Amino acid sequence: MDQVDPRLLSIADMDDKTRERIEAAVLALFSEQEYHRVKLIDVATMGRVSLQTIYKYYGGKETLLFSSLDSWLSELAKRMIDHLSGIENYKDRLRKVFWVMLDYFEHNPRVAQIIMSSVYLNTWRRDDTFRQPELMSIFMKVLGEGREQGVFREDVDEKDLLDIFLGVATRKISMWLVRGQSEPLTEKAPVLFDMIWAAMSRESSSEPQAIRAKAS
């Protein structure tokens, strides 16, 4: 992992236009090539900045990639947080969050491609870009409150519920890329969410028990 040099300038202090050009270059290069094949000089050339600027603000390739991912994913996280914090019932909130996830990657497939092919997961998972602590904290809070109110099934905890929700979404996104993006990613969002809800909700999980009790 790149070592943080205290002499590095803050990325927040970079000129917006310069940062946008660099991130556009990162998006183009890393979405088309594996991580180890991308050279910083190529990023600098495409972004029309000096290699010294890349090192001065980012320090290395890993930090450059993670910082760019943070910039792109923060937009998605903000939209998800807005819906999770909404006034709708739990089902409608999660339905909107699921659609927002699919919609974001439908319009940003190169970000999804980078996550699939250019990121070393074991390294990225130690970074806040991967953990998204604010988003995950709110997500877990919503799921926890839902369990307390009897909305979600009680035989699993919030982490299991989150795994089901994100597992279906991330699998759908990755296979959409593999299958050539032949249909809109959001096309089956309603029916897929109904399947997720059936797995997560307490009402759905109690139905088989009720059926068995009636049969006996």
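What counts and how
Residues numbered from 1 in each chain as written. Predicted model: local features only at pLDDT ≥ 70, side-chain atom pairs only at ≥ 80, totals over all residues. Heavy atoms only, no water. Helix = DSSP H or I, 4+ residues; strand = E, 2+ residues; numbered from the N terminus. Buried < 20%, exposed > 50% of the residue type's maximum accessible area, 1.4 Å probe, protein only. Contact = heavy atoms within 4.5 Å. Lys, Arg positive; Asp, Glu negative; His and termini not counted. Charge placed at Lys NZ, Arg CZ, Asp CG, Glu CD. Axes fitted to C-alpha atoms, helices over the stretch in contact; angles between N-to-C directions. Parallel < 35°, antiparallel > 145°, perpendicular 65-115°, else oblique. Left-handed = near helix turned anticlockwise from the far one by under 90°. Nonpolar A, V, L, I, M, F, W, Y, C, P; charged D, E, K, R; others polar. UniProt positions renumbered as here; feature names shortened; annotations may be inferred. Core = buried A, V, L, I, M, F, W, Y, C linked by side-chain atoms within 4.5 Å. pLDDT = per-residue confidence, 0-100.

(A) Representation of the overall build of the chain in the model. Across its full length, the chain carries 12 helices and 0 strands. Listing the helices and strands of the chain from first to last along the sequence gives α-α-α-α-α-α-α-α-α-α-α-α. For the chain, the C-alpha atoms occupy an extent of roughly 75 × 40 × 30 Å along the three principal directions. Split into buried and exposed, the 216 residues of the chain put 40% on the buried side. Taking the intrachain contacts of the chain between residues at least 6 apart in sequence as the baseline, contacts between residues at least 24 apart amount to 70%. Averaging the positions of the 30 positive and the 34 negative side-chain charges in the chain gives two centres separated by 3 Å.

(B) Representation of the packing of helix α5 (residues 90–107) against helix α10 (residues 158–178) within the structure. Relative to each other, α5 and α10 sit at 25°, their axes nearing to 11 Å. When the axes of α5 and α10 are compared, the pair comes out roughly parallel. Our pair here, α5 against α10, has a crossing hand that is right-handed. Contact residues: Leu94, Val97, Phe98, Met101, Leu102, Phe105 and Glu106 in α5; Phe165, Leu166, Val168, Ala169, Lys172, Ile173 and Trp176 in α10. Of the residues assigned to the contact of α5 with α10, the class counts are 12 nonpolar, no polar and 2 charged.

(C) Spotlight on the UniProt feature "domain: HTH tetR-type" (unreviewed entry) in the chain. Within this numbering scheme, the UniProt entry marks residues 16–76 as carrying the feature "domain: HTH tetR-type" (unreviewed entry). The straight-line gap between the two end C-alpha atoms of residues 16–76 is 20 Å; of that span, 79% is helix and 0% is strand.

(D) Quick look at the nonpolar core. Counting 60 residues, the largest nonpolar core has Val43, Leu94, Phe139 and Phe165 as the members making the most contacts within it. The element that contributes the greatest number of residues to this core is helix α4 (residues 61–84), accounting for 11 residues. With residues near it in sequence (within four places) discarded, leucine 94 still touches Leu84, Phe139, Leu143, Phe152, Phe165, Phe193, Trp197 and Met200.

(E) Quick look at the UniProt feature "DNA-binding region" (unreviewed entry) in the chain. According to UniProt, the "DNA-binding region" (unreviewed entry) feature falls on residues 39–58. The span residues 39–58 is 75% helical and 0% strand by assignment, and the distance between its end C-alpha atoms comes to 14 Å.

(F) Quick peek at the confidence of the model for the chain. On average, residues of the chain score 88 in pLDDT, and 90% of them are at 70 or above. Counted against residues more than four places away or in other chains, residues 207–216, with its pLDDT under 50, gives 0 contacts.

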